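Reading the structure
Here is how the chains run, residue by residue.
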Amino acid sequence: METNFNVTAQAELRKLVAYQRVATALAHPNIAFIKYWGNQDDRLRLPANPSLSMNLGCLYTLTTVSFDDGLSSDLLLINEVPIYGAALARVSAMLNWVREKANLTTAAKIESVSNFPIGSGIASSAAAFAALSVASSAAAGLDLSEAAVSQLARRGSGSASRSVPTGYSEWVMGDDETSVARSLAPPEFWDLRDIIVVVNQEHKAVGSTGGHALAKTSSLQAARLVGAINRFQLCRESLLARDLATMGPIIEEDAIIMHAVMMSSHPPIYYWDATTMMIIQAVQQWRREGLPVYFTIDAGPNVHLICEAKDAETVMVQARQLPNIESVMSSDVGGPAMLID
Ligand code: PMV
């Protein structure tokens, strides 16, 4: 996938799609090294801590938004299936921000396809809302800065803010204007890989929106938030020094603390299953045997194995031998969300 998409070509494309009121955008999901869990403001999705992530270049969502005077209400198709209810309402809410800004009242057709399982803790909402922000704003004729697109994406799904900039992104705390993501480094800065061990690709029982709202009911959340600032700084520094031996233990600790908060919420959320725990133990064993690989886990049972490109093949081979897993996917570092048609 071309990551350094020509800025002039994007500007030309923007003029054309604004005229036609139809735009297609591509965005990658991202895997957080320092997790976002819990909001200061649930409606605007202003996070309770800063977070840091890597875009996943081999996975993507493609979204086409067509404003159409012939439609009486928004129409959403995900992987060609019409979707109604809460998911449509969430998409329409984002389109309403765009319509308000562009002074439009027209309904839209939104068609979204992904090349990876959605709703199973592989950050599908991040790619979906990042692509939707780019496509809907362009189709509405808005020429938004990267920060403004990241702000828009954040209102749809917090982690989507981080899928807007290229490569490795940091999303800072702040108010509606300032809590946006920016790129820390482009993909070519460090050839890390995410080997995703899919344990179960079914839709998770508790979505992240509900989970964020529960975070404050855990007595561990306050401690998590204090430590997150420190872990964020250390992770940022070790990433910029390309120092996996320092960064790896920090990302593992950060993921475990987030899951401790989830498991101690009222009611508790258990995203892991027995296979998840087995993979954590396998990673520890592989490290004892000299393989530099570290795990992280989002809101689902699947385990992301972070390693350098030179070790990716070995990690893949070992991961494929694990029992009770569904599949293994590999991704390099991805570029920004962008307009493609
Ligand atoms: O963007 P949301 O609301 O789907 O939340 C994502 C939460 C985690 O994936 C668990 C962590 C993160 O920072 O991506």
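This one's a predicted model, so the numbers in the text were calculated from it and none came from an experiment.

**Here's the deal with the site of the ligand**
- In the neighbourhood of the ligand, 14 residues make up the surrounding shell, with Tyr36, Ser157, Ser159, Arg162 and Ser208 lying closest.
- Contact between the ligand and Ser157: an oxygen atom at 2.9 Å from a side-chain N or O atom of the residue.
- Within the complex, the protein chains bury 96% of what would otherwise be the 380 Å² of accessible surface of the ligand.
- When residues are assigned to domains, the shell around the ligand turns out to be shared by domain 1 (7-189) and domain 2 (192-331), each giving three or more.

**A look at the sheet that holds strand E7 (residues 75-78)**
- If you walk across this open sheet you meet the six strands as E8-E7-E9-E6-E1-E16, and the pairing is mixed. At either end of the open sheet lies a strand with only one pairing partner, and these are strand E8 (81-83) and strand E16 (338-339).
- Across four bridges, the pairing between E7 and strand E9 (residues 108-114) is parallel. By the bridge assignment, Leu75 is partnered in E9 with Lys109.
- Together, strand E1 (22-27), strand E6 (61-67), E9 and E16 form the strand contacts of helix H3 (residues 124-139), whose direction differs from that of E6 by roughly 30 degrees.

**Side note on the sheet that holds strand E2 (residues 30-34)**
- Strand order in this open sheet of four strands is E2-E5-E10-E11, and the pairing throughout is antiparallel. If you trace the sheet from one side to the other, it starts and ends with E2 and strand E11 (181-185), each paired once. Neighbour-to-neighbour, the strand axes of the sheet open up by a mean angle of 35 degrees, direction not taken into account.
- As paired elements, strand E10 (residues 168-171) and E11 share four bridges and run antiparallel to each other. Considered in E11, the bridge of Glu170 is made with Arg182.
- Lying on the sheet, helix H6 (residues 221-240) is in contact with E2, strand E5 (51-55), E10 and E11; it crosses E2 at an angle near 115 degrees.

**Observations regarding the packing of helix H2 (residues 86-102) against helix H4 (residues 146-156)**
- Their axes nearest at 9 Å, the elements H2 and H4 cross at an angle of 150 degrees. Comparing the axis directions of H2 and H4 gives the class roughly antiparallel. As for how H2 packs across H4, the hand of that crossing is right-handed. On the side of H2, the interface is formed by Arg90, Met94, Trp97 and Val98, while H4 contributes Leu152, Ala153, Arg155 and Gly156.

**A word on the pattern of salt bridges**
- In this structure the tally under the stated criterion is 14 salt bridges.
- Through salt bridges with shared partners, one network takes in Arg154, Arg155 and Asp176.

**Some points on the side chain of Glu252**
- Tracing the backbone shows Glu252 in helix H7 (residues 244-263).
- Polar contacts involving the side chain of Glu252 include one to the side chain of Arg287, which spans 2.7 Å.
- For Glu252, the contacting residues outside a window of four places in its chain are Val283, Arg287, Val293, Tyr294 and Phe295.

**Looking at the domain arrangement of the protein chain**
- Here the domain parsing of the protein chain yields domain 1 (7-189) and domain 2 (192-331).
- Each of domain 1 and domain 2 has a C-alpha centre, and these two points are 24 Å apart.
- Contacts between domain 1 and domain 2 engage 35 residues on the former and 51 residues on the latter.
- Seen at the junction of domain 1 and domain 2, the total is three salt bridges.
- A salt bridge links Lys35 to Asp298, with the shortest nitrogen-to-oxygen separation between them at 2.6 Å.
- Applying the counting rule to domain 1 against domain 2 returns twelve residue pairs in polar contact (both at pLDDT 80 or more).

**Describing the packing of aromatic side chains**
- Under the criterion given, the structure shown has one aromatic pair.
- Sitting over the ring of Trp97, Arg155 keeps its end group 3.7 Å from the ring centre.
- Sitting over the face of the ring of Phe189, Arg242 holds its NZ or CZ atom 4.0 Å from the ring centroid.

**Here we look at the environment of Lys216**
- Summarising the element assignment, Lys216 is placed in the loop between helix H5 (208-214) and H6.
- For Lys216 and Leu56, which are 160 residues apart along the polypeptide, the C-alpha to C-alpha distance reads 29 Å.
- In this view, Lys216 contacts Asp42 and Gln221; residues no more than four positions away in its chain are not counted.

**Looking at the state of the cysteines**
- Taken as a whole and judged by the stated rule, the model has zero disulfides.
- With no disulfide of its own, Cys58 lies closest to Cys307 among cysteine sulfurs, the gap being 13 Å.

Cut-offs applied
- Residues numbered from 1 in each chain as written.
- Predicted model: local features only at pLDDT ≥ 70, side-chain atom pairs only at ≥ 80, totals over all residues.
- Heavy atoms only, no water.
- Near = heavy atom within 4 Å.
- Polar contact = N/O pair within 3.5 Å; in protein donor to acceptor, adjacent residues only side chain to side chain.
- Areas by Shrake-Rupley, 256 points an atom, 1.4 Å probe, with all protein chains shown as cover.
- Domains from an automatic or database assignment.
- Pairing = 2+ DSSP bridges.
- Helix = DSSP H or I, 4+ residues; strand = E, 2+ residues; numbered from the N terminus.
- Contact = heavy atoms within 4.5 Å.
- Axes fitted to C-alpha atoms, helices over the stretch in contact; angles between N-to-C directions.
- Parallel < 35°, antiparallel > 145°, perpendicular 65-115°, else oblique.
- Left-handed = near helix turned anticlockwise from the far one by under 90°.
- Salt bridge = Lys/Arg side-chain N within 4 Å of Asp/Glu carboxyl O.
- Phe/Tyr/Trp six-rings, centres within 6.5 Å; stacked < 30°, edge-to-face > 60°.
- Lys NZ or Arg CZ within 6 Å of the ring centre and 35° of its normal.
- Disulfide = S-S within 2.5 Å.

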